[in-house]
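This is what each chain is made of:
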Amino acid sequence: MEQIFPVMRYIYPVELSIHSDDFFMNEALKEAVKAYEAGEVPIGAIIVCNKRIIARSFNYTERLNDVTAHAEMQAITAAANYLGGKYLNECVLYVTLEPCVMCAGALSWAQIGGIVYGAFDTRRGFSTMDQKILHPKTKVTGGVKEIQCSDLIVKFFNEQRKL
């Protein structure tokens, strides 16, 4: 089966397994499209616990005029509120761009169980600094649906340069 992300005008094959990294990254991409449509940098995030999505978010930095309102930060808060506790050690964050150092620090404090990201951030991603910033038990996977995640961000910034 194929899914179309209308903003990108590309058709990408989608794996149908409901509990796969591809499935959950597509859900994060849906959040990124919402950010794109709102004029925000198109980064989306979801948090999954026991194979259920418990939090969804995208960047709100422009809307809130807050440089800390990254998709990951919003998702951490929503997940902690949903679970009624600050530790997310049984959860996995799916995010369309590698988290920055600020978000990686927050994810460390939340003791997130896993991080799965799409596009690599070679300028500001946490892995450019030191992966030891994360909690020692956090499992990290990068490059899931990397092209789709990257394409949306590149499209956004190309359009911004034309304005």
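Everything that follows concerns the structure shown earlier in this document.
Residues numbered from 1 in each chain as written. Predicted model: local features only at pLDDT ≥ 70, side-chain atom pairs only at ≥ 80, totals over all residues. Heavy atoms only, no water.

Caption draft 1: Geometry of unusual backbone geometry. A positive phi angle, near 50 degrees, is found at N50, a position not held by glycine. Along the chain, N50 falls in the loop between β3 (44-49) and β4 (52-58). Owing to a relative accessible area of 64%, N50 belongs among the exposed residues under this scheme. If you check the backbone angles, N65 has positive phi at about 55 degrees while not being a glycine. (Helix = DSSP H or I, 4+ residues; strand = E, 2+ residues; numbered from the N terminus. Buried < 20%, exposed > 50% of the residue type's maximum accessible area, 1.4 Å probe, protein only.)

Caption draft 2: Fine view of the packing of helix α3 (residues 71-83) against helix α4 (residues 101-109). The contact between α3 and α4 brings their axes to 9 Å, and the two run at 20 degrees. In terms of orientation, α3 lies roughly parallel with respect to α4. Judged by the sense of rotation from one axis to the other, the crossing of α3 with α4 is left-handed. Residues E72, M73 and I76 of α3 form the contact with α4, whose participating residues are M102, C103, A106 and L107. Of the residues assigned to the contact of α3 with α4, the class counts are six nonpolar, no polar and one charged. (Axes fitted to C-alpha atoms, helices over the stretch in contact; angles between N-to-C directions. Parallel < 35°, antiparallel > 145°, perpendicular 65-115°, else oblique. Left-handed = near helix turned anticlockwise from the far one by under 90°. Contact = heavy atoms within 4.5 Å. Nonpolar A, V, L, I, M, F, W, Y, C, P; charged D, E, K, R; others polar.)

Caption draft 3: Up close: the sheet that holds β3. The strand order across the open sheet built from five strands is β4-β3-β5-β6-β7, with neighbouring strands paired in mixed fashion. Because the sheet does not close on itself, it has two edges, and the strands there are β4 and β7 (139-142). Across the sheet, the mean angle from the axis of one strand to that of its neighbour is 15 degrees, orientation sign disregarded. Contacting β5 (91-97) and β6 (114-119), helix α5 (residues 146-162) crosses the sheet at an angle of about 60 degrees to β6. (Pairing = 2+ DSSP bridges.)

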